[in-house]
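Summary of the model geometry
Take a look at the letters that make up each chain.
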Amino acid sequence: MNVIESRGLSKSYGTTKALDDCTLAIPEGHVVALVGPNGAGKSTLLSLAVGLAAPSAGALTVLDSEAPGSPAALDGIAFVAQDTPLYKNLSAADMLHVTRNLNRRFDQASAEARLAEIGIPLKRKAGKLSGGQQAQLALTLALARRPQLLVLDEPVAMLDPIARHDFMATVLTAAVDEGVSVLLSSHVLAELERVADYLVVLSRGRVQVAGEVDDLLAGHRVLTGPVAQVATLAHWPVVHVRHGEVLAHVLARVTADDGVPQGWESHPVGLEELALAYLREPDAAALPGPVRSQDAGARR
Amino acid sequence: MVIGQEGKGRKGGPSTSSGEVTTSNSPIEFRLDPASGVPTYLQLVQQVEHALRLGYLKPGDQLPKVRDVVASLAINPNTVSKAYRELETKGLIIGRPGQGTFILATLSPVVLPELDGLRRSLHNWLAKADGVGLDESGIMALVASELRDFYERHRESRDGAAGDDTESVA
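Residues numbered from 1 in each chain as written. Chains lettered and ligands numbered in written order. Predicted model: local features only at pLDDT ≥ 70, side-chain atom pairs only at ≥ 80, totals over all residues.

A short note on the overall build of chain B
Basically, it comes down to this: Strands are runs of DSSP state E lasting at least 2 residues, helices are runs of H or I lasting at least 4, and numbering of each runs from the N terminus. To assign burial, the other C-beta atoms lying within 10 Å of each residue's own C-beta are counted, with C-beta atoms placed from the backbone; 20 or more indicates buried, 12 or fewer indicates exposed, and intermediate counts indicate partly exposed. Here contacts are defined at the residue level, using C-beta atoms placed from the backbone and a cut-off of 7 Å between them.
When its secondary structure is counted, chain B shows five helices and three strands. Reading chain B from its N terminus to its C terminus gives the helix and strand order α-β-α-α-β-β-α-α. Sorting the 170 residues of chain B into buried and exposed places 19% on the buried side. Partitioning the contacts of chain B with sequence separation of at least 6, the portion at a separation of at least 24 is 59%.

As structure tokens, this is what we get:
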């Protein structure tokens, strides 16, 4: 099953195209990192997926061909927005009460257990909680709905290091315990290397990179060699070149089995380096992701 | 054994809904060094091997549950599974469904008879490198680079031979 599938998806705000002919398929069972420069369309894509906005053109389905915003999609997807919105004057217990009554499915017991585990008093007003606790409360409300897909927009941007660690630990533990698929947008590349096993890079409203992290890392190498000989790599699938006066580092779409020209060394690449290289080269693309179910003819 | 995980392991913990006993009694706890440049799953593998060599882990001992590692390090669950798979392929551990992952074999501490000879040839090599003008950091860089390449090729040739259950990239 694909948790998100889009074809030719576009969204315009006035004359600005936030998403432009965006085609994507994200399989279930992953922690997916959505990265891209500001204005690349990350938040727009998330809003469309959770049904908070409607596409200008193209098709988008979630949770195996459900329409975003349909009852099945609303039940199966939980969304935590960038600023982890809560009613500041309501207590944690009241927030549970409200959320339970606004949703068809809500696991009160597990929500209370999780709040106890992370030490959030039920009677404390949401506005009096620390930033980390507010984020944890919003996350707890989302997880108590027992979603198949958890969507997080810049979840840790405002949190201190410990709160960030604890927040991500809660998300990833839910992935183990409940098998929830996770889609999160973030700018913190270094952290994504540990957290994500699927990467989607958006650039100028289009999908630039999509695939399993292991596949992407195995499919890219940094070739290091003399600047004077960079031209000998002209026919190689080069993504990005960095160089000084003498030495050049060339990120290319090759594997460890591919040889290197005489005088060059081939090194493995990390996720941060790979993502940065693509972000700097908006015209390069790597899309080893799965085929969309329509294309495959049959669903898995 | 889970230290610093607020509220966890202190009491039975509320997370017993799955029926699992949360008192996981593994002798070891993993740590991560983001600056090492070693992939996360490999760091876990190496720490188990290291603990086996030093005798901190013995056959029958339990490794931390995947969930507990995920909770304490905030890393992707598949990373832990990958490390445990690798250790299982090496015949060092075994996963028992519903119970956990246990140490199967031990790694003898490095007291090989070849050790003296290896040490001598390494010493000779170092003297040679020093003789041609390589300084300490130059030697370190050379060794690190060769070591990495060697084991990378080693791993790849072995992974290739073990048959691939991973999806191939077109």
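This is not the end of the story, as more comes after the structure.
Describing the nonpolar core
Where we set the bar: Under the definition applied here, buried Ala, Val, Leu, Ile, Met, Phe, Trp, Tyr and Cys residues are grouped into a nonpolar core through C-beta atoms within 7 Å.
Counting 109 residues, the largest nonpolar core has A:Val32, A:Val151, A:Leu172, A:Leu199 and A:Val200 as the members making the most contacts within it. If sequence neighbours within four positions are ignored, A:Leu199 has contacts with A:Ala33, A:Val209, A:Gly211, A:Val213, A:Leu216, A:Leu271 and A:Ala275.

Some points on the confidence of the model for chain B
Residues and elements named next belong to chain B. Spelled out, the test is: pLDDT measures the predictor's confidence residue by residue and takes values from 0 up to 100.
Per-residue confidence for chain B gives a mean pLDDT of 79, with 76% of residues at or over 70. Throughout residues 1-23 the model reports pLDDT below 50, and contacts reaching past four residues in sequence, or to other chains, amount to 28 contacts. In this model residues 163-170 is a low-confidence stretch, pLDDT under 50, and it forms five contacts with partners more than four residues away in sequence or in other chains. Interface confidence in the predicted complex, given as ipTM, is 0.82; pTM for the same model is 0.79.

Here's the deal with the packing of helix 1 (residues 40-53) of chain B against helix 3 (residues 77-89) of chain B
Residue and element names in this part refer to chain B. Selection rule: The convention used is that axes are lines fitted to C-alpha atoms, helices contributing only their stretch in contact, and that angles between N-to-C directions extend from 0 to 180 degrees. Comment on the angle field: the value is read as roughly parallel under 35 degrees, roughly antiparallel over 145, roughly perpendicular from 65 to 115, and oblique elsewhere. The sense of a crossing depends on the near helix, which, turned anticlockwise from the far helix by less than a right angle, makes the crossing left-handed and, turned clockwise, makes it right-handed. When residues are grouped by polarity, Ala, Val, Leu, Ile, Met, Phe, Trp, Tyr, Cys and Pro land in nonpolar, Asp, Glu, Lys and Arg in charged, and all others, Gly among them, in polar.
One way to put it is that helix 1 packs onto helix 3 with a least axis distance of 8 Å and a crossing angle of 45°. The angle between the axes of helix 1 and helix 3 places the two elements in the oblique class. The two elements helix 1 and helix 3 cross, and the hand of that crossing is right-handed. Residues Thr40, Tyr41, Leu44, Val45 and Val48 of helix 1 lie in contact with helix 3, whose contacting residues are Thr79, Val80, Lys82, Ala83, Glu86 and Leu87. Considered class by class, the residues forming the contact of helix 1 with helix 3 number seven nonpolar, two polar and two charged.

With respect to the packing of helix 6 (residues 161-178) of chain A against helix 2 (residues 66-73) of chain B
Here helix 6 of chain A crosses helix 2 of chain B at 165°, and the two axes come no closer than 8 Å. One element, helix 6 of chain A, and the other, helix 2 of chain B, form an angle in the roughly antiparallel class. Both helix 6 of chain A and helix 2 of chain B take part in a crossing whose hand is right-handed. Each of A:Ala169, A:Leu172, A:Thr173, A:Val176 and A:Asp177 in helix 6 of chain A lies in contact with helix 2 of chain B, whose residues at this interface are B:Val66, B:Arg67, B:Val70 and B:Ala71. Its residues assigned to classes, the contact of helix 6 of chain A with helix 2 of chain B shows six nonpolar, one polar and two charged.

Brief notes about helix 3 (residues 92-102) of chain A
All names here are of chain A. How we decide: The arc in question is formed by the directions pointing from the helix axis toward the C-beta atoms.
All of the buried residues along helix 3 are Ala92, Met95 and Leu96. For helix 3, the angular spread of the buried residues around the axis is 100°, confining them to a single face. Considering only its buried residues, helix 3 is in contact with helix 4 (108-117) and helix 5 (131-144).

Description of the domain arrangement of chain A
The line we're drawing: Each domain's limits were defined by an automated method or a database of domain assignments.
Taken as a whole, chain A is organised into domain 1 (2-212 + 288-296) and domain 2 (221-268). Each of domain 1 of chain A and domain 2 of chain A has a C-alpha centre, and the two are 37 Å apart.

Describing the confidence of the model for chain A
Residues at a pLDDT of 70 or more form 95% of chain A, whose mean pLDDT is 89. A low-confidence stretch, residues 289-300 of chain A (pLDDT under 50), is modelled with 13 contacts involving residues beyond four sequence positions or located in other chains.

Re helix 5 of chain A
Convention followed: How far a helix is expected to stretch is found by multiplying one less than its residue total by 1.5 Å.
In a regular helix each residue adds 1.5 Å, so 14 residues correspond to 20 Å; helix 5 of chain A covers 20 Å between its end C-alpha atoms and thus fits that length. Burial runs high along helix 5 of chain A: 13 of the 14 residues are buried.

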